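Descriptive structure summary
So the chains spell out like this:
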Amino acid sequence: MLGVAKDPLEHTSMYERMEEDSEGSDGEGGMGNVSRVIIRPPGVSGKAKRGQICFDAAFETGNLGKANLIGDFEYDLFLRPDTCNPRYRFWFNFTVDNVKQDQKVIFNLVNISKSRNLFNSGLTPLVKSSSRPKWQRLPKKHVFYYRSPHHQNHYVLSFVFCFDKEDDVYQFALAPPYSYSRLQSYLNVIENRQNQAEKKFTKSVLTKSLQNRNVDLITIDHVTGKLKTNRIDRSFIRVIVILCRSHANASPASFMCQGFLEFLLSSHNIAKILRENFVFKIVPMVNPDGVFLGNNRCNLIGQDMNRVWQVATEFSHPEIYAIKNMLREIDNSDSYQIDFVVDLHAHTSLHGCFIYGNTYEDVYRYERHLVFPRLFAGNAPDYAANNMIFNADEKKSGCARRFCCERLSDTVNAYTLEISMGGHYLKDGKTVAAYTEEGYYRCGRNLARTFLQYYRFINVLPVPLPTEVRQKKRRPRTHQSRSRSKTRYEVKPRPKTTRCYAPISYTNLSICYDSGGSSDEGGFSPTRAVAPGSSHFSGYRHYRRVASSTTIPSTSSQQHQQTHDQFALLRIKSGRFDLAHDPLLHDYCGKTKSQSPEKQTRFEVPVNVPPKPYLSIIDLNQLTRGSLKMKSASFED
């Protein structure tokens with residue numbers, strides 16, 4: 001159905017095939033993939049019975065070349081090499097049906113070409129069935145990767161599986177498949193979803209592949225017309241180019257690209273800022289033929305699409321040739337400047353996500369080239385900095401990042417963003433968490449956030465003020481817990497009493513001070529003069545002094561009577577005093593506020609402020625219950 005994203009198997013009606021008669025379907029088809037091949041025991045013929053497993057890989061993204069029964073419940077499986085290139089054999093994707101209840105089998109993948117891979121580090125195959133469409137990893141205890149002397153000492157991947165439902169079709173794959181048909185369905189969905197009056201993106205066909213499949217180009221351009229000026233005026237439009245799926249087996253990169261595109265088209269504030277200031281050119285599938293055929297790396301004619309950038313032609317590599325022309329056209333424009341070319345890939349032998357970059361003779365360009373990976377590492381908790389490489393290897397001279405840094409302007413930063421097919425390390429550095437589709441989506445969203453941070457870092461975009469930062473959302477009142485009693489938190493009035501509060505006084509007995517004689521630290525006599533009308537209570541650091549009665553301006557008698565409790569806790573909380581306007585108060589450091597000469601406070605005797613004594617005794621005879629509570633509260637504050 002148009003406009004609805006479907007599973008890759010549903011495009012071939014795979015689940016309906018289980019009801020067909022499988023007799024005489026032992027032939028192979030689909031570019032060398034097995035097509036409804038039923039494996040019978042030796043000497044058995046006729047209609048297939050339950051338990052005689054039927055293998056099938058003749059569907060989009062499928063890969064399985066041959067299956068042999070070598071025991072009662074053990075099968076050797078051979079991967080189909082890439083078309084026109086027998087060198088690459090690593091991707092597999094096939095289905096199994098016609099099984100029996102509780103049937104146990106051992107599958108051996110015997111011709112894997114890449115010995116150094118994540119199977120050595122805990123990677124296991126994925127499985128799902130028609131009744132359980134969610135991909136699940138096989139338990140590590142059921143998967144083995146080893147050198148087999150029975151297979152010419154090659155590495156073999158063996159895993160044990162038990163079929164629990166007879167009517168299900170089971171599918172096994174290296175990673176979650178992302179087919180060409182799924183991409184076309186997704187693009188139709190987001191294109192029909194957007195408002196026709198205000199389109200967020202435009203979809204166009206950049207070129208056609210060798211098998212006449214579309215190489216789509218997604219363009220996001222919402223930069224206002226007044227900003228589209230001349231490059232001579234240094235006010236050109238910045239362009240970000242995203243490439244994906246140069247290798248057919250890099251299905252995690254497609255999920256990452258979809259997460260990036262979904263975030264960029266959303267109503268998020270970061271997405272709005274990016275759309276209004278920058279132009280995005282996204283090629284979601286560079287190698288559609290290889291993806292459709294189920295190859296590991298190559299296209300239809302056996303060419304590695306990430307090694308032919310310097311020799312690509314219109315007839316053998318039309319996809320790369322069209323992308324190169326697009327990059328050159330933008331780079332030579334007077335109104336546009338390419339800032340980034342990011343090529344998305346999936347890695348088969350390392351964990352986490354990381355970036356490959358280039359090296360330059362210009363040290364300033366090289367330092368600028370290191371900024372973006374550093375910012376991305378801060379946004380992605382699964383970033384593996386140890387796997388990051390910046391080089392100019394001759395073996396990779398034909399890849400996208402090397403071509404863009406050598407053939408385009410000096411302002412271009414070209415990277416290869418890799419994400420693992422397996423998982424990433426947690427904070428302990430030992431535990432590996434397997435990636436899911438949501439984990440790949442999250443990496444794409446982190447990529448979009450990093451672009452905003454980068455342009456703020458280089459002062460292209462303004463940094464928001466603290467007042468403009470969005471505050472933390474509070475829960476609505478409907479989610480607040482209700483109190484059991486309405487009068488539970490009510491403050492009851494204090495009963496009237498004639499008892500007056502008595503201040504706390506200290507009696508010093510053989511007080512020993514830290515200082516040995518400095519007047520600044522109170523090395524003199526511990527006796528302190530108490531100003532008239534002041535409280536007998538004194539803290540450890542902050543003291544107040546009152547000038548002589550002759551220097552105090554004449555005010556009402558009521559004002560002088562209230563000075564005995566100027567620093568009371570209740571008065572501080574109610575804000576009834578002001579250090580800048582009260583001539584009787586001084587700042588906490590012992591210095592007077594800036595006042596006129598006639599209103600400045602003067603002391604009769606110089607006062608030395610001692611530190612906290614080692615021993616103090618409180619006169620309990622002068623305490624009442626109310627004053628003790630009030631003073632203890634002041635100590636806690």
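This text gives an overview of the structure that appears in the document. (Residues numbered from 1 in each chain as written. Predicted model: local features only at pLDDT ≥ 70, side-chain atom pairs only at ≥ 80, totals over all residues. Heavy atoms only, no water.)

The strand order across the open sheet built from five strands is S3-S4-S6-S10-S9, with neighbouring strands paired in mixed fashion. Looking at the sheet topology across the chains shown, the edges are occupied by strand S3 (66-69) and strand S9 (143-148). Strand-to-strand, the axes of this sheet are offset by a mean angle of 25°, without reference to chain direction. (Pairing = 2+ DSSP bridges. Helix = DSSP H or I, 4+ residues; strand = E, 2+ residues; numbered from the N terminus. Axes fitted to C-alpha atoms, helices over the stretch in contact; angles between N-to-C directions.)

Glancing now at helix H8 (residues 400-407). Across the eight residues of H8, six count as buried, placing the element largely inside the fold. Residues of H8 that are buried: Ala400, Arg401, Arg402, Phe403, Cys404 and Cys405. (Buried < 20%, exposed > 50% of the residue type's maximum accessible area, 1.4 Å probe, protein only.)

As summarised here, the arrangement of the six strands in space is S1-S2-S5-S11-S7-S8, forming an open sheet in which the pairing is antiparallel. Either end of the sheet is taken by a strand with one partner, and the two such strands are strand S1 (37-38) and strand S8 (136-137). The sheet contact formed by strand S7 (residues 126-129) and strand S11 (residues 170-173) spans four bridges and is antiparallel. Looking across to S11, one finds that Leu126 is bridged to Ala173.

Next up on the list: a nonpolar patch on the surface. The grouping of Phe144, Tyr146 and Val160 at the surface amounts to a nonpolar patch, some 240 Å² of accessible area in total. Its location among the elements puts Tyr146 in strand S9. Taking the relative accessible area as the measure of exposure, Tyr146 reaches 33% and is therefore partly exposed. (Patch = residues over 30% accessible without salt bridge, like charges linked within 9 Å, V, L, I, M, F, W, Y side chains within 5 Å. Areas by Shrake-Rupley, 256 points an atom, 1.4 Å probe, with all protein chains shown as cover. Salt bridge = Lys/Arg side-chain N within 4 Å of Asp/Glu carboxyl O.)

A word on the packing of aromatic side chains. Applying the stated criterion across every chain, the model contains 38 aromatic pairs. Taken together, a centroid distance of 6.3 Å and an interplanar angle of 50° make the contact between Phe55 and Phe94 tilted. Residue Phe55 is located in strand S2 (residues 54-56), and its partner Phe94 is located in strand S5 (residues 93-97); the two are separated by 39 residues in the primary sequence. Across the pair, Phe94 and Phe55 agree in class, each one buried. Centroid distance Phe340 to Tyr454: 5.0 Å. Interplanar angle 75°. Geometry classified as edge-to-face. Residue Phe340 is found in strand S16 (residues 336-347), and its partner Tyr454 is found in helix H9 (residues 437-457); the two are separated by 114 residues along the sequence. A relative accessible area of 0% means that Phe340 is categorised as buried. By relative accessible area, Tyr454 is classed as buried at 4%. Of note, Lys66 hangs over the ring of Phe78, and the distance from its end group to the ring centre comes to 5.9 Å. (Phe/Tyr/Trp six-rings, centres within 6.5 Å; stacked < 30°, edge-to-face > 60°. Lys NZ or Arg CZ within 6 Å of the ring centre and 35° of its normal.)

Applying the stated rule across the entire model yields eleven salt bridges. The partner of Asp304 in a salt bridge is Arg297, and the shortest N-O contact between them spans 2.8 Å. Note on accessibility: Asp304 and Arg297 belong to one class, buried. In this structure, a network of salt bridges that share partners links the residues Arg132, Asp164 and Asp168.

Looking now at the pairing of strand S4 (residues 74-78). In the sheet, S3 pairs with S4 via four bridges, with the strands oriented antiparallel. Bridged to Leu69 within S4 is Tyr75. Where S4 lies against strand S6 (residues 103-109), four bridges are found, and the strand directions are parallel. Counterpart to Glu74 in the pairing with S6 is Ile106.

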